[in-house]
Amino acid sequence: MTEAEEALRRWAEAGLIDEATAERIRQFEAARRQQAREAAPAVAPGERPGLIEVLLYLGIAVLSVGVFALIAQAWDDLDSFPRVLAIGVPAAFALLTGGLLKSLGEAGYRRGAQFSWAAAVGLAAGTVAVVLHEYEPLGISRDDDQAAMLIVGVAATALALLLWALNPMTFQVLALGASLFFLGQAIGNWPDQYSVRLAGGSVVLFGLAGIALAELGLMAPRDSSRLTFGLLLAVGSYQPGFSDGGTLWEIPAFLAAAGLLALGVWRSSFQYVLWGVLLLFVALVRAIFQNFSDQLGAPVALIISGVLLIGAVLLLARLAPQLRRGGRGMTRSDRWFVVAVLGGVLAVIVTAVVALGVGRKNVSPPDLQEQPNPAIPGEILYVNRESCIVLARASGESRRQVACTGIPPRLLFFLDDTRIAYVDAVPSGQNLVTLDLETGRELSRTAYKDDRTLLLQSAPDGTQAFQRDDGRIQLIRDGQVLTEIKFDGLDWGPQFAGWSPDSQWFAVTYNPPRGRGAELWLVSRDGAVRGTLAKDAGTPAIAWRIAGVGAWPLPPE
């Protein structure tokens, strides 16, 4: 029901007009709207693309494809100067073409000018990159990709900003947005190790700055600016939390989604609402799949995803026309529609989350870092997922990093009170590397040819561990099954890692689903006592020592 129809209904109910008068008003307004539609031209002059404009777009596209084809097929056959010319001349030609088209003044030619200049930004960035690679100016070495990437990003952004100032149209805003995104990645690449947090944070700042300028009327066209910088804000806030940032860094994506939705309603902007809905949908689905590993996680994620998508479609279908025309406030029926949709979506999500909380099983033993167990004796060497060797109390009371090896160790040994050793595997063969336990300093490196795989399954007292396909571990000695350890609720069985030197404990590694880090579990011989020593295990290599008993596995001779 439109606002006019709602007003007529209220007036009729209040007795201000009768139904016949209301019907005459409807007929009058309908006739007036029909006359306005017939009087308005179907397409404003100059807005319909012509043949010349289409051919121009085709020519620019062919030119760009030709440059990329040259790079892909014949780049290695060119010297440095021809390489620069191969990209620099088309970039200059695209800039010249844009300037000439802009001078013609017609709407179609101005659109062609912005398309040509947008292509010029990409070609110019490529030219700067080739010059840096071929001639190494300013002392930038060919291998210094951090500085080179940053310079290319700054150059592309500067050119895109200049061309936007000369011709503030849609393609110039898009070219500026693409340049700022590349600059953000270059900033993230500046440290020795690429930082998604720094890259995403930079893109968020660019997006916020662009949105602020657009809403202040300083960035035109406004619709294109809202679309471009709203996307930058969405992508930048999503990037840190859903790569390797961790759960805490997923929060900015949801905050940005809420901000875009609120801004879209406040400013009557369909662009902000669109990116807010998409970001909320993608971030929520990714968060569920990434953080919930139980068997109910996937179906619950699908339920929530589906209901969010349906709710978003309903809201957009009802409110999109009003947002597009600038909006003058929602009618009462609009508000009830929104309440009904949000209430239904919330009811389904709450139901799904409650089902998830009730049905979720935590298959991991108690975390020994949070709840140390003094009954588990000795010290353990294990490898984390960064290929670093960690020395931990088996009870979980303390731990410290000894050394990072770069290559994940296959075997670990306690040599004595001050030295440990590990075996690495490189293409040229295996090496036994000795380290100082206190400092992590490498003491020696020798060739290693022994195969101790079967030994790792055997305890010092001769008991052997056999893994079954269903995840059970059987302990066997002298051909007799002594006990059978079961691990219920797992998606797949754990991997046996090694024994304690008193033969009363063993370790296994378990890889939870959905890409979470491997866990190192310690289990008593009878299976009654269990604990999670680490949640960041790498290879299943361990070494265990107990004061007064010794170490296992025994070091090589």
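You'll find the structure just up there.
Analysis parameters
Here the residue index of a chain counts from 1 through its sequence in written order. Local features in this predicted model are restricted to residues whose pLDDT is 70 or higher, and side-chain atom pairs enter the listing and the counts only when it is 80 or higher, whereas totals over whole chains, interfaces and linings include all residues. Just so you know, side-chain values use all the structure's heavy atoms and leave hydrogens and water out. Strands here are runs of E lasting at least two residues and helices are runs of H or I lasting at least four, both read from the DSSP assignment and numbered beginning at the N terminus. Residues count as neighbours in contact if any of their non-hydrogen atoms are within 4.5 Å of one another. Surface patches are defined over residues having more than 30% relative accessible area and no salt bridge, joining like charges when they lie within 9 Å and nonpolar side chains (Val, Leu, Ile, Met, Phe, Trp, Tyr) when within 5 Å. Note on areas: Shrake-Rupley with a 1.4 Å probe; residue coverage comes only from the protein chains shown. Salt bridges are defined by distance alone: a side-chain nitrogen of Lys or Arg within 4 Å of a carboxyl oxygen of Asp or Glu. Here's how the labels work: a residue is buried when its accessible area is under 20% of the maximum for its type, exposed when over 50%, partly exposed in between, all with a 1.4 Å probe on protein chains only. The criterion for strand pairing is that DSSP finds at least two bridges linking the strands in question. Axis definition: a line fitted to C-alpha atoms, limited for helices to the stretch in contact. Angles are taken between N-to-C directions and run from 0 to 180 degrees. In these notes the angle categories are as follows: under 35 degrees is roughly parallel, over 145 is roughly antiparallel, 65 to 115 is roughly perpendicular, and the rest is oblique. The handedness criterion is simple: a crossing whose near helix is rotated anticlockwise from the far helix by less than a right angle is left-handed, and one whose near helix is rotated clockwise is right-handed. Under the grouping applied here, Gly and all other residues not named as nonpolar or charged are polar, the nonpolar ones being Ala, Val, Leu, Ile, Met, Phe, Trp, Tyr, Cys and Pro and the charged ones Asp, Glu, Lys and Arg. Residue types Ala, Val, Leu, Ile, Met, Phe, Trp, Tyr and Cys, when buried and joined through side-chain atoms within 4.5 Å, form a set referred to as a nonpolar core. Expected span of a helix, by definition, is 1.5 Å for each gap between consecutive residues, and there is one gap fewer than residues. Within 6.5 Å between ring centres, the rings of Phe, Tyr and Trp (the latter by its six-membered ring) count as paired, and their orientation is classed by plane angle as stacked under 30 degrees, edge-to-face over 60, tilted in between.

S.K.: What am I meant to see in the side chain of arginine 226 here?
M.R.: With respect to the helices and strands, the residue arginine 226 is situated in helix H9 (residues 222-241). Each residue touching arginine 226, except ones within four places of it in the same chain, is listed here: Glu215, Arg267, Ser268, Ser269, Gln271, Tyr272 and Trp275.

S.K.: Sorry, what's going on with a nonpolar patch on the surface here?
M.R.: On the surface, Leu51, Leu55, Leu58 and Val62 cluster together into a nonpolar patch covering about 420 Å² of accessible area. Within the secondary structure, leucine 55 sits in helix H3 (residues 51-74).

S.K.: Is there a simple way to explain the pairing of strand S6 (residues 429-436) in this structure?
M.R.: As a general feature of sheets, a regular strand has side chains that alternate between the two faces. Among the eight residues of S6, six are classified as buried, and the element is accordingly described as predominantly covered. When S6 meets strand S7 (residues 442-447), the two strands line up antiparallel, connected through five bridges. Bridged to valine 433 within S7 is arginine 445. Following S6, the chain reverses through five residues before pairing antiparallel with S7; glycine 440 in that reversal takes a positive phi of roughly 80°.

S.K.: Please explain the pattern of salt bridges as it appears in this structure.
M.R.: Here the idea is simple: oppositely charged side chains can pair when their charged atoms come close. A complete count under the given rule lists 13 salt bridges for this structure. Put simply, aspartate 424 and arginine 445 hold a salt bridge, and the shortest N to O gap is 3.1 Å. Here arginine 445 lies in strand S7 and aspartate 424 lies in strand S5 (residues 419-426), a separation of 21 residues in the sequence. A residue is classified by how much of its surface remains accessible, and aspartate 424, at 3% relative accessible area, is buried. Residue classification places arginine 445 among the partly exposed positions, given a relative accessible area of 40%. Salt-bridge contacts for aspartate 461 lead to arginine 525; the nearest nitrogen and oxygen are separated by 3.3 Å. Here the residue aspartate 461 occupies a position in the loop between helix H14 (453-456) and strand S8 (464-467), and arginine 525 occupies one in the loop between strand S13 (518-524) and strand S14 (530-546), the gap between them amounting to 64 residues. Here arginine 525 falls in the buried class, since its relative accessible area comes to 15%.

S.K.: What is the right way to read the packing of helix H8 (residues 196-215) against H9 from this model?
M.R.: Between two packed helices, the angle of one axis relative to the other and the distance separating the axes together describe the packing. Running from N to C, H8 and H9 cross one another at 155°; their axes reach a closest spacing of 7 Å. In terms of their interaxial angle, H8 and H9 are classed as roughly antiparallel. The chirality of how H8 crosses H9 is left-handed. By residue class, the composition of the contact of H8 with H9 is twelve nonpolar, eight polar and four charged.

S.K.: I tried to follow the nonpolar core on my own but got confused; where do I start?
M.R.: Across soluble globular proteins, nonpolar side chains show a tendency to be buried alongside one another. The biggest cluster of nonpolar side chains holds 37 residues, and the ones touching the most others in it are Val121, Ile211, Phe229, Leu260 and Leu279. Counting only elements with at least two residues in this core, the list comes to helix H5 (107-135), helix H6 (145-166), helix H7 (170-188), H8, H9, helix H10 (251-266) and helix H11 (270-291). For this core, the element with the highest residue contribution is H6, accounting for eight residues. Ranked by size, the runner-up nonpolar core spans 19 residues in total, among them Leu368, Ile380, Ala497 and Leu520.

S.K.: Got a minute to help me understand H9 in this structure?
M.R.: One full turn of an α-helix is made of 3.6 residues, so residues set three or four places apart face in the same direction. Between its terminal C-alpha atoms H9 stretches 30 Å, which fits the 28 Å expected from 20 residues at 1.5 Å a residue. For H9, the tally of buried residues reaches 14 of 20 residues, placing the bulk of the element in the interior.

S.K.: Sorry, what's going on with the packing of aromatic side chains here?
M.R.: Each pair of aromatic rings is reported with the distance of its centres and the angle of its planes. The full count for this structure, using the stated rule, is six aromatic pairs. Where phenylalanine 496 meets tryptophan 499, the ring centres are 5.8 Å apart and the plane angle is 55°; that geometry is what we call tilted. A relative accessible area of 5% places phenylalanine 496 in the buried class. Taking the centre distance of 5.5 Å and the plane angle of 25° together, the rings of phenylalanine 496 and phenylalanine 506 count as stacked.

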